[in-house]
Amino acid sequence: MPAETASLTFVGNATTIIRYGGVTLLTDPNFLRRGERADLGYGITSRRVKDPAISVDELPELDGVVLSHLHGDHWDPVAERYLDRGLPILTTAVAARALNSRGFRAAEGMRTWETESVAKGDHSIRITALPGRHAPGPLSRLLPPVMGSLLEFGPPEGEPRFRLCISGDTLMYDEIAEIRRRFPGIDAGVVHLGGTRLLGLLTVTMDGRQGAQWLETTGCATAVPVHYDDYTVMKSPLSDFDKEVGRRGMAARLRHVERGGTITIGPAASRTPSPAPHPAR
């Protein structure tokens, strides 16, 4: 793989393996098998309907974990049992405190817009915590705090060569627009979708319409959809997102990757600013 690109392997749900130079990161580790149930809090569980592409013992050597929040479909008992307790984990403050208490001594809580780096030799991935909200309005206080993340790839010192934005399990809200203002020209985005609905009533992740709005708002040059069909609580299929992205004239930005598949991430072919986003609808 050329030094000026990174790779992303899709394991399933929101779990990916990201490699750049000698640096390897894991996102939102979820290795439950089909038929097993993820704990979503308040006694709510959801059954997994698709197996992950690999098992936890097939992971490469890791340099860190980026964890959007502490829900059972993003951090499960398999990850908790088998991952190295000294592995750096970048996550929310609430999740870091919980993981520290369980023996993951290198879990670190990040405030929104705070930045940390993981580096090896001439290659570095700089991770910035981005805004996220897991439920609408005041109801967000009932769910774990969630963060998105911006990964900037480049040398340990100097300007990044390209950027990857991971939405996390957020809904669209006003603060998402700040991402583009602070970080124009994002090369790629990983979009958590699914229209996840708790108790059949409360939608807590983006459906197809909100996912397309997120892409339009952040201005990511390409989009990789994940987190859309692994669990029974996910009610908005990938086709909803594809159709809405097409309706807004952004179909060329889509990059689909199957479970177990790997794509390269690198500088966008053009840095020409994309049109300003449409008003929310």
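This is a predicted model, so every value here is computed, not measured.

Definitions and limits used
Residues numbered from 1 in each chain as written. Predicted model: local features only at pLDDT ≥ 70, side-chain atom pairs only at ≥ 80, totals over all residues. Heavy atoms only, no water. Helix = DSSP H or I, 4+ residues; strand = E, 2+ residues; numbered from the N terminus. Rg over C-alpha atoms; globule rule 2.2 N^0.38 Å. Buried < 20%, exposed > 50% of the residue type's maximum accessible area, 1.4 Å probe, protein only. Contact = heavy atoms within 4.5 Å. Areas by Shrake-Rupley, 256 points an atom, 1.4 Å probe, with all protein chains shown as cover. 1 Å grid on protein atoms, 1.4 Å probe; cavity = no way out; pocket = protein on both sides within 12 Å on 5 of 7 lines; lining within 4 Å. Points joined across faces, edges and corners; volume = space filled by probe spheres on them. Nonpolar A, V, L, I, M, F, W, Y, C, P; charged D, E, K, R; others polar. Pairing = 2+ DSSP bridges. Axes fitted to C-alpha atoms, helices over the stretch in contact; angles between N-to-C directions.

Once that is clear, we can look at the overall build of the chain. Counting its secondary structure elements, the chain contains five helices and 17 strands. Taken against the 2.2 N^0.38 rule, which gives 19 Å for 281 residues, the C-alpha radius of gyration of the chain at 17 Å falls within 12% of a compact globule. Evaluated residue by residue, the chain yields a buried proportion of 55% over its 281 residues. For the chain, the share of sequence-separated contacts (at least 6 apart) that also reach a separation of at least 24 residues comes to 64%. Here the chain displays about 11,800 Å² of accessible surface, and carbon together with sulfur accounts for 51% of that area.

Here we take up empty space enclosed by the protein. A complete count under the given rule lists two cavities of 30 Å³ or more for this structure. Contributing to the lining of the largest cavity are 16 residues, with Leu40, Asp73, Asp169, Thr196 and Val233 lying nearest its centre. Here the residues of the lining of the largest cavity are counted per class, giving six nonpolar, eight polar and two charged. Looking at the second largest cavity, its volume works out to about 50 Å³. Lining the second largest cavity are Thr27, Asp28, Val66, Leu67, Ser68, Met147, Gly148, Ser149, Ile166 and Gly168. A class-by-class count of the residues in the lining of the second largest cavity yields four nonpolar, five polar and one charged.

Pairing is mixed in the open sheet, where six strands are placed in the order 9-10-11-12-13-16. With one partner strand each, in any of the chains shown, strand 9 (115-120) and strand 16 (222-226) form the two edges of the open sheet. On average, each strand axis in the sheet is inclined to that of its neighbour by 20°, with strand direction left out of account. In this sheet, strand 12 (residues 162-166) lies alongside strand 11 (residues 148-154) in antiparallel orientation, the contact comprising five bridges. Within strand 12, the residue paired with Leu150 across the bridge is Cys165.

With mixed pairing, seven strands are arranged side by side in an open sheet as 8-7-6-3-2-1-17. For this open sheet the edge positions go to strand 8 (107-109) and strand 17 (262-265), each flanked by a neighbour on one side alone. Taken pair by pair, the neighbouring strands of this sheet meet at an average axis angle of 25°, ignoring direction. Alignment of strand 7 (residues 89-91) against strand 8, held across three bridges, turns out to be parallel. Residue pairing for strand 8: Thr91 is matched across the bridge by Gly109. Its contacts with the sheet place helix 2 (residues 93-101) against strand 7 and strand 8, and it is angled at close to 150° to strand 8.

Now for the environment of Ala93. Residue position: Ala93 is located in helix 2. Exposure remark for Ala93: the relative accessible area of 36% places this residue in the partly exposed category. In this structure the C-alpha to C-alpha distance between Ala93 and Leu171, which are 78 residues apart in sequence, comes to 20 Å. Setting aside chain neighbours within four positions, we find Ala93 in contact with Gly109 and Met110.

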